[in-house]
Amino acid sequence: MLDFPRWKKVSLWLIAGLAMLASLPSLLSFTTVHWPDNLYKPMVNLGLDLAGGSHILLEANQTQVAAQRLENMEEGVRQAFANAEPEIGYTEVSTANNRFSITLENPAQVDAAREAVLPLMNGAGLTSEWQLQVLDTNRLVLTPTQSGLENAVATAMDSATDVVRRRIDALGTREPTIIRQGETRIVVQVPGLQDPQALKDLLGQTAKLEFKLVDDSPDAAALVQQGIAPGGSQLVPGAVGGDYAGTVLAVRRLGGVRGDSLTSAAATRDSQNNEPAVSITFNSQGAERFARLTRENVGKQFAIILDDEVISAPVIREPILGGTSQISGGFTVQQSTQLAIALGSGALPVELTVVEERTVGPDLGAESIRTGMIAMAVGTLLVIALMIVTYGRFGIYATLALIINVLMILGIMAMIRSTLTLPGIAGFVLTIGAAVDANVLIYERIREERKRGRRVVAAVETGYREASRAIYDANMTNFIAGVLLFLFGSGPIKGFAVVLIIGLFTSVFTGVTLTRLWVAEWLRKKRPTDLRI
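Parameters at a glance
- Residues numbered from 1 in each chain as written.
- Predicted model: local features only at pLDDT ≥ 70, side-chain atom pairs only at ≥ 80, totals over all residues.
- Heavy atoms only, no water.
- Helix = DSSP H or I, 4+ residues; strand = E, 2+ residues; numbered from the N terminus.
- Rg over C-alpha atoms; globule rule 2.2 N^0.38 Å.
- Buried < 20%, exposed > 50% of the residue type's maximum accessible area, 1.4 Å probe, protein only.
- Contact = heavy atoms within 4.5 Å.
- Areas by Shrake-Rupley, 256 points an atom, 1.4 Å probe, with all protein chains shown as cover.
- Lys, Arg positive; Asp, Glu negative; His and termini not counted.
- Charge placed at Lys NZ, Arg CZ, Asp CG, Glu CD.
- Core = buried A, V, L, I, M, F, W, Y, C linked by side-chain atoms within 4.5 Å.
- Pairing = 2+ DSSP bridges.
- Salt bridge = Lys/Arg side-chain N within 4 Å of Asp/Glu carboxyl O.
- Axes fitted to C-alpha atoms, helices over the stretch in contact; angles between N-to-C directions.
- Parallel < 35°, antiparallel > 145°, perpendicular 65-115°, else oblique.
- Left-handed = near helix turned anticlockwise from the far one by under 90°.
- Nonpolar A, V, L, I, M, F, W, Y, C, P; charged D, E, K, R; others polar.
- Phe/Tyr/Trp six-rings, centres within 6.5 Å; stacked < 30°, edge-to-face > 60°.
- Lys NZ or Arg CZ within 6 Å of the ring centre and 35° of its normal.

**Student:** What is the right way to look at the overall build of the protein chain in this model?
**Tutor:** Broken down by element type, the protein chain carries 15 helices and 19 strands. Relative to the compact-globule value of 24 Å for 533 residues, the protein chain shows a C-alpha radius of gyration of 33 Å, a clear excess of over 25%. Principal-axis analysis of the C-alpha atoms places the extent of the protein chain at approximately 110 × 55 × 40 Å. Taking all 533 residues of the protein chain together, the buried fraction comes to 44%. In the protein chain, once contacts between residues fewer than 6 apart in sequence are set aside, the share between residues at least 24 apart is 69%. When the accessible surface of the protein chain is split by element, carbon and sulfur atoms take 55% of a total near 26,900 Å². Across the protein chain, 47 positive and 51 negative side-chain charges occur, with their mean positions spaced 18 Å apart.

This is the structure:
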């Protein structure tokens, strides 16, 4: 137990030295001394409650998911019937009452229609997504199941969470907290961001981009004037500030191209008028569909629709075959940049609305840091005083181990880019008190062994060996509790758990291993005949 070869000593000091060195950039950030920019700079990121920032709670609209599924099913069925051999004719289509129904021209084609529809009903896994019924011998009715809708909402929320994360990352912010809360909510916390309005504007924008043909049928204009959508079309208002602000256009409901096949989007300038615009690029499948749309409709007008508002409606002068296009519509530079971020990160599969927001100022965070540091300093000084008064030289060893322990925790957190929250500081304070528990157990056991008549070296060796068993058992239970807090907790709870888990390993390393090394060196050099402990 007290034998330390040279390689072991070097290894122990190397581990401790690297961890303490990693804590320096974080410690220097509170002083006027700056860490060199050309060196690796591990940093502990401050959480929302310490650095200040914005907290937003977003909620999804479930009815949108159901409506989108019905529209996707309608488009899929129409395409499947058109591709069938022979083509399956139909006379009436309806999406009323949250179900999709289609009436066939020829009842004899019911079996063929059923075969064409069945592949569209298969969802992921074993969950039944749709129920199919045949009514009146020639009408197919597809009704979404509850389990299918729940799966669709869960998938949409997972996708929305990823989109929100990509958008925030594009802002250049560090260590945001983005987590699901319940079935339809997302919690967003961005430390250091003091402009919640910009964040709300970015996250609240669905960025659902669509290219749809403008309805040019003879009676379309008259029906639009009456506020009636022509058959197979829908009315879409013009975007405020755009070319069609204050007007309403009738666009074909199906057959367009969606922006979910975009691969990139970038803010740019219109080559004709030098106004801010957004350049977009489609993937191979989207480029093919966009090329077909423009090739088959040269001379016709098509609308560029963003979040159910027409921002532009140019005439197709020639086929656009390269898979790239440009969107313009009276944008400012900030709007074009924000739109490029939204489109590049992907469209939100469901509209998110802000149901709660709050901003934590940096002054409040600075006050939290100050009071937390005071608590940690007072706790540390009291523990140090108690250990030195009670155990003398051995108390000094415990004090040195305690200081190294704190620096190692900070260094490891910096290396893994962990976020320090106010509960994390509480974890530091708790660790300071708990870190010396190991030393108390060891030193009290050494006292007992001396009272039993053991010699100094034997008493120290037995004390470390026997007390280590209880130390490892106690830390294992704390480790399990910390892991459970991290897995099932959120936000600040996870911050506390991270400090707790790291502190368990470092306290055993410093309080048991390093102090044993120092005691062994002292015994080897001084060879004392008694212990004042």
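**Student:** For this particular structure, what's the right way to read the nonpolar core?
**Tutor:** Taken as a class, soluble globular proteins show a tendency for nonpolar side chains to be buried jointly. Counting 54 residues, the largest nonpolar core has F394, Y443 and I446 as its most contacted members. Those elements giving two or more residues to this core turn out to be helix 1 (6-28), helix 10 (362-391), helix 11 (393-415), helix 12 (422-435), helix 13 (437-451), helix 14 (456-488) and helix 15 (492-526). In terms of residue count, helix 15 provides more of this core than any other element does, 13 residues in total. By size, the runner-up hydrophobic cluster in this structure holds 22 residues, among which are I56, A156, L193 and L199.

**Student:** Which parts of the structure should I look at to understand the sheet that holds strand 15 (residues 302-306)?
**Tutor:** Two modes of strand pairing occur in sheets, parallel and antiparallel, and in both the strands are linked by backbone hydrogen bonds. One open sheet holds the 4 strands; their spatial order is 12-9-15-16, and the pairing between them is antiparallel. Each having just a single partner strand, strand 12 (257-258) and strand 16 (309-312) make up the two edges of the open sheet. Bridge count for strand 9 (residues 209-213) against strand 12 is 2 bridges, and the pairing is antiparallel. The partner of E210 across the bridge, within strand 12, is R258.

**Student:** Sorry if this is basic, but what is going on with the pattern of salt bridges here?
**Tutor:** Side chains carrying opposite charge are able to pair once their charged atoms draw close together. Scanning the model with the defined rule gives 13 salt bridges in all. Notably, a salt bridge pairs E449 with R445, separated by 3.0 Å at the nearest N-O pair. Of the two residues, E449 and R445 are both situated in helix 13; the distance of 4 residues between them amounts to about one turn of the helix. Residue E449 is classed as buried on the basis of its relative accessible area, which comes to 1%. Between E449 and R454 there is a salt bridge, with its nearest N and O atoms 2.6 Å apart. The exposure class of R454 is partly exposed, given its relative accessible area of 38%. Taken together, the shared-partner salt bridges connect R445, E449, R452 and R454 into one network.

**Student:** Teacher, can you tell me more about the sheet that holds strand 7 (residues 177-181) here?
**Tutor:** Strand order in the open sheet made by the 4 strands is 7-8-2-18, with antiparallel pairing throughout. The outermost strands of the open sheet, each flanked by one partner alone, are strand 7 and strand 18 (352-360). In this sheet, neighbouring strand axes are inclined to one another by 15° on average, regardless of whether the strands run parallel or antiparallel. Relative to strand 8 (residues 185-191), strand 7 runs antiparallel, the two being bridged by 5 bridges. Across the sheet, I178 pairs through a bridge with V188, a residue of strand 8.

**Student:** Explanation requested: the pairing of strand 8 in the structure shown.
**Tutor:** Looking down a regular strand, the side chains alternate between one sheet face and the other. Of all 7 residues making up strand 8, 6 are buried, and the element is well covered by its neighbours. The pairing of strand 2 (residues 53-60) with strand 8 spans 7 bridges and is classified as antiparallel. Following the sheet pairing, G53 is matched in strand 8 by P191. Between strand 7 and strand 8, which follow one another and run antiparallel, lie 3 residues, and G182 among them has a positive phi close to 70°.

**Student:** Looking at this model, I keep getting lost on the packing of helix 11 against helix 12. Mind explaining?
**Tutor:** The angle between the axes and the distance between the axes are what describe a pair of packed helices. Between helix 11 and helix 12, the least distance of the axes is 10 Å, while the angle of their chain directions is 140°. Comparing their axes, helix 12 and helix 11 come out oblique. Crossing handedness for the pair helix 11 and helix 12: right-handed. Contact with helix 11, carried on its side by L402, N405, V406, I409, L410 and M413, involves F428, T431, I432 and A435 of helix 12 and no other residues of that element. When the residues that make up the contact of helix 11 with helix 12 are grouped by side-chain class, the tally is 8 nonpolar, 2 polar and no charged.

**Student:** Before we go on, may I ask you to explain the packing of aromatic side chains in this structure?
**Tutor:** The geometry of an aromatic ring pair is captured by the separation of the ring centres together with the interplanar angle, meaning the angle of the planes. Going through the model one piece at a time under the given rule, you end up with 9 aromatic pairs. Aromatic pair F394 and Y397: ring centres 6.1 Å apart, planes at 65°, arrangement edge-to-face. In this pair, F394 and Y397 both sit in helix 11, 3 residues apart, roughly one turn of the helix. Across the pair, exposure class does not vary: F394 and Y397 are buried alike. Between F479 and F505 the ring centres are 5.6 Å apart and the planes differ by 80°, which places this aromatic pair in the edge-to-face class. Highlighted residues: F479 in helix 14 and F505 in helix 15, separated in sequence by 26 residues. Exposure remark for F505: the relative accessible area of 56% places this residue in the exposed category. The aromatic ring of F4 is capped on one face by K8, whose charged end is 5.8 Å from the ring centroid. Seen from the ring of F486, K494 lies directly overhead, with NZ or CZ sitting 5.1 Å from the centre.

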